[in-house]
Amino acid sequence: MKSRKCLSVLVSGLMVLSCALTVQSAEKGELMMATTTSTDNTGLLDYLIPFFEQETGIALKWTSTGTGNALKLGQNCDVDVLLVHAPPAEKTYIANGFGKDRREIMYNDFVIIGPKSDPAGLKGKNISQALSAIKTNKAFFMSRGDDSGTNKKEKLLWKNAGIALPDKEEWYVQTGQGMLATINVSQERNGYTMTDRGTYIKYQDQQGGDAPLTVLVEGDDILLNQYSVLTLNPKNCPDAKYDLALKFSDWMASESAQNKIGEFRLLGKRLFIPNAK
Amino acid sequence: MAFLVEGFLKAMELLINGDTSTWSAVSATVKASTGSMLVSLLTGLPCGFILGYFDFRFKRSIRTLLDTLLALPTVCVGLIVYAFISSKGPLGDMNLLFTLTGIAVGQTILAFPVVAAITASIIENIDPALKLTLVSLGAGKKNIILTCLWEVRFGILTAAVTAYGRILTEVGISMIVGGNIKYHTRTMTTAIALETNKGMFADGIALGIVLMAIAFTVNLSLSFLRKR
């Protein structure tokens, strides 16, 4: 019985200690960010954030998810700052009183990728014509289907092309997963998908430079993919670390960070192009 | 097949070279699962004992409820815990979201019914003759209970191992409550999910092998205990 008592004392001690540790680390200039899968999957944050921590002394942790969910985490005050890419949704977010400052940091563009054989004949078409061709040929198209920034943009493109969202069509596959996972599904099923260029380059890199899926549609103005840092509205989230979030936002727009973003390359190509003002 | 071979070689490489992110995932897994195991044993064993040993009203309904909870999907636990510990939730002030403690809370909810239900069954199935013998030998109530507990020690070990298996393999709670944060709340299972998501199958398999090695070590040490 004595040892049992000892054990319970030990356990409660451990629990108190672990609680104390969590509280303590939360006090020491620590920032929690929700971001999109593209900034994480490409390895950009793994490369960039150590510089931020070194230069500012602020520790940054991040969870990566679709932009829709990231915005929700901010709305619930579960994070302190957001790095997302869905400008219209971001503006509504601020108008609704959830976000405060929005700072454009970098961009790349969306592209439609597909098999080299290009069964639906997308090559040379503009984005609206390409989507019509996919629909007419009932070619497999993989959608993220997860309300991420990419998914939001894709839905907008269908609308622009005058096509009702093919939600229930058999050729329209909604993976519900991150961008790299969705590209991998497209490869397995020999289908098309829309991706940001950064994630596509990462995928090419993984395939040793010779990927089965290739860029078929690119270049329309509407395909621009803008990434921004969003701070939360202190009125909605009084406990979120607004000051530190602003510091992060400023740092991302600083010359040093902008240069580093521009220097981040795979296969010699830039994944994100800095454009902070 | 190539994935498996490549994965195995990679697993050896990760472990031997002391890869920081792998070891941090191992340590996160061990920390969270140890915490949740201790709490679920400390609460589950007494509850299971009471349910199995004594007779009282609603006993059957509680057992049914407990058995239903055995099949609780981990993502549902993750969602429920998230709703409670989110900053806008009733326990938001405790700052448990995106921490290992938060994961441990969710895992405890998962493991508690396993420990309690299995313990209750084992206690129920104790040979009735044992109690009679003890009474006829003039044992007091406390001695009877202690002797019964000693008799079922291996059964309780089984309950613990089963619960540990459920905790070690879950991914829903770790992902939703922990947030898969590198070097902090990234556990073995969420790391495997992430690598697979990125199409890095060999890395996923490597981590899977490491996870199986942990499970194997735990089981081996427990069966060693049983032999003694």
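Fair warning: this is a prediction, and the values are worked out from it, not measured in the lab.

## Thoughts on the overall build of chain A
And step 1. For chain A, the helix and strand inventory stands at 11 helices and 12 strands.
And step 2. Across the 277 residues that make up chain A, the buried fraction comes to 52%.
And step 3. Across chain A, the fraction of contacts at a sequence separation of at least 24, relative to all contacts at a separation of at least 6, is 76%.
And step 4. Summed over its atoms, the accessible surface of chain A is roughly 12,400 Å², and 51% of this surface lies on carbon and sulfur atoms.

## Remarks on the packing of helix H6 (residues 127-137) of chain A against helix H7 (residues 149-160) of chain A
Residue and element names in this part refer to chain A.
And step 1. Remark: H6 packs on H7, axes separated minimally by 9 Å, with the N-to-C direction vectors making an angle of 90°. Viewed along their axes, H6 and H7 adopt a mutual orientation that is roughly perpendicular. Between H6, through Ile127, Ser128, Leu131 and Ile134, and H7, the contact on the second element is made entirely by Leu157, Trp158 and Asn160.
And step 2. Residues of the contact of H6 with H7, tallied by class, amount to 5 nonpolar, 2 polar and no charged.

## Let's talk about the domain arrangement of chain A
All names here are of chain A.
And step 1. In terms of domain boundaries, chain A breaks down into domain 1 (30-108 + 226-274) and domain 2 (109-223).
And step 2. On the domain 1 side of the interface with domain 2, the three residues burying the most area are Asn41, Asn108 and Leu267, jointly 33% of the side's total.
And step 3. Linking domain 1 with domain 2 are 0 salt bridges.
And step 4. Counting across the domain 1 and domain 2 interface gives 3 residue pairs in polar contact (both at pLDDT 80 or more).
And step 5. When contributions to the side of domain 1 that touches domain 2 are tallied by element, the ones reaching two or more residues are helix H2 (37-41), helix H4 (67-75) and strand E11 (269-270).
And step 6. When residues in the side of domain 1 that touches domain 2 are grouped by element, the largest group, 3 residues, is from H2.
And step 7. Of the residues assigned to the side of domain 1 that touches domain 2, the class counts are 6 nonpolar, 9 polar and 2 charged.

## Topic: the interface of chain B and chain A
And step 1. Across the contact, 21 residues belong to chain B and 25 residues belong to chain A.
And step 2. Across the interface of chain B and chain A, roughly 2,000 Å² is buried in total on both sides, 58% from carbon and sulfur atoms.
And step 3. Scanning the region where chain B abuts chain A turns up 1 salt bridge.
And step 4. With a shortest N-O distance of 3.4 Å, Asp46 of chain A and Lys182 of chain B are connected by a salt bridge.
And step 5. For the interface between chain B and chain A, the tally reads 10 residue pairs in polar contact (both at pLDDT 80 or more).
And step 6. Counting residues per element, the ones that place at least two in the side of chain B that touches chain A are helix H2 (20-53) and helix H10 (188-197) of chain B.
And step 7. If one sorts the elements of the side of chain B that touches chain A by residue count, H2 of chain B sits on top with 3 residues.
And step 8. Residue composition of the side of chain B that touches chain A, by class: 10 nonpolar, 8 polar and 3 charged.

## A few points about the UniProt feature "transmembrane region" (unreviewed entry) in chain B
Residues and elements named next belong to chain B.
And step 1. As recorded in UniProt, the feature "transmembrane region" (unreviewed entry) lies at residues 37-56, 68-85, 97-123, 144-165 and 204-225.
And step 2. Secondary structure across residues 37-56 comprises 85% helix and 0% strand; the distance between its end C-alpha atoms is 28 Å.
And step 3. In residues 68-85, the share of helix is 78% and the share of strand is 0%. The end C-alpha atoms are 24 Å apart.

## Examining the pattern of salt bridges
Residues and elements named next belong to chain A.
And step 1. All chains considered together, the criterion is met by 16 salt bridges over all chains.
And step 2. With its nearest N and O atoms 3.2 Å apart, the salt bridge here joins Asp146 to Arg144.
And step 3. Take Arg144: its relative accessible area is 4%, and that puts it in the buried class.
And step 4. Residues joined in a network through salt bridges with shared partners are Glu90, Arg102, Glu104 and Lys277.

## Looking at the state of the cysteines
Residue and element names in this part refer to chain B.
And step 1. Under the definition given, this model contains 1 disulfide over all chains.
And step 2. Cys47 takes part in no disulfide bond, and the closest cysteine sulfur, belonging to Cys148, lies 18 Å away.
And step 3. Cys47 sits in the partly exposed class, given a relative accessible area of 34%.

## Observations concerning the side chain of Asn225 of chain A
Residue and element names in this part refer to chain A.
And step 1. When you line up the elements, Asn225 lands in strand E9 (residues 224-232).
And step 2. We classify Asn225 as buried; its relative accessible area is 1%.
And step 3. In this structure the side chain of Asn225 is engaged in a polar contact, spanning 2.8 Å, whose partner is the side chain of His85.
And step 4. Once residues within four sequence positions are removed from consideration, Asn225 is found in contact with His85, Met106, Tyr107, Asn108, Asp109, Phe110 and Asp196.

## Looking at the confidence of the model for chain B
Detailed conclusions should not be drawn from predicted coordinates in areas where pLDDT is low.
And step 1. Chain-level pLDDT for chain B is 91 on average; 100% of the residues reach the 70-or-more range.
And step 2. Per the prediction output, this complex has pTM 0.84; the corresponding ipTM is 0.78.

## Observations concerning the packing of aromatic side chains
And step 1. For the structure shown, the criterion picks out 15 aromatic pairs over all chains.
And step 2. One aromatic cluster is present, built from ring pairs that chain together Phe141, Trp158, Trp171 and Tyr172 of chain A.
And step 3. A cation over an aromatic ring shows up here: Lys260 of chain A above the ring of Phe51 of chain A, its NZ or CZ 4.6 Å from the ring centre.
And step 4. Lying over the aromatic face of Trp150 of chain B, Arg153 of chain B brings its terminal NZ or CZ to 4.0 Å of the ring centre.

## Digging into the UniProt feature "domain: ABC transmembrane type-1" (unreviewed entry) in chain B
And step 1. If you check UniProt for "domain: ABC transmembrane type-1" (unreviewed entry), the listed places come out as residues 26-222 of chain B in our numbering.
And step 2. Here residues 26-222 of chain B runs as 77% helix and 0% strand, with 20 Å between its end C-alpha atoms.

## So, the UniProt feature "domain: PBP" (unreviewed entry) in chain A
And step 1. As annotated by UniProt and renumbered to match this structure, "domain: PBP" (unreviewed entry) occupies residues 31-255 of chain A.
And step 2. End-to-end, the C-alpha atoms of residues 31-255 of chain A are 21 Å apart, and along that stretch the chain is 41% helix and 25% strand.

## Quick look at helix H7 (residues 141-151) of chain B
Residues lying three or four places apart along an α-helix face the same way, a consequence of the helix completing one turn every 3.6 residues.
All names here are of chain B.
And step 1. Within the sequence span of H7, burial applies to Ile144, Ile145 and Cys148. Down the axis of H7, the sector holding all buried residues measures 95°, keeping them to one side. Among the exposed residues of H7, those oriented more than 90 degrees off its buried face are Lys142 and Trp150.
And step 2. In this fold, the buried residues of H7 make contact with H2 and helix H6 (128-136).

## Let's talk about unusual backbone geometry
And step 1. The residue Asn190 of chain A is not glycine, and still its phi comes out positive at about 60°.
And step 2. As for its placement among the helices and strands, Asn190 of chain A is situated in the loop between helix H8 (179-189) and strand E7 (192-196).

Thresholds applied
- Residues numbered from 1 in each chain as written.
- Chains lettered and ligands numbered in written order.
- Predicted model: local features only at pLDDT ≥ 70, side-chain atom pairs only at ≥ 80, totals over all residues.
- Heavy atoms only, no water.
- Helix = DSSP H or I, 4+ residues; strand = E, 2+ residues; numbered from the N terminus.
- Buried < 20%, exposed > 50% of the residue type's maximum accessible area, 1.4 Å probe, protein only.
- Contact = heavy atoms within 4.5 Å.
- Areas by Shrake-Rupley, 256 points an atom, 1.4 Å probe, with all protein chains shown as cover.
- Axes fitted to C-alpha atoms, helices over the stretch in contact; angles between N-to-C directions.
- Parallel < 35°, antiparallel > 145°, perpendicular 65-115°, else oblique.
- Nonpolar A, V, L, I, M, F, W, Y, C, P; charged D, E, K, R; others polar.
- Domains from an automatic or database assignment.
- Buried area = accessible area lost by both parts, 1.4 Å probe.
- Salt bridge = Lys/Arg side-chain N within 4 Å of Asp/Glu carboxyl O.
- Polar contact = N/O pair within 3.5 Å; in protein donor to acceptor, adjacent residues only side chain to side chain.
- UniProt positions renumbered as here; feature names shortened; annotations may be inferred.
- Disulfide = S-S within 2.5 Å.
- pLDDT = per-residue confidence, 0-100.
- Phe/Tyr/Trp six-rings, centres within 6.5 Å; stacked < 30°, edge-to-face > 60°.
- Lys NZ or Arg CZ within 6 Å of the ring centre and 35° of its normal.
- Arc of directions from axis to C-beta.

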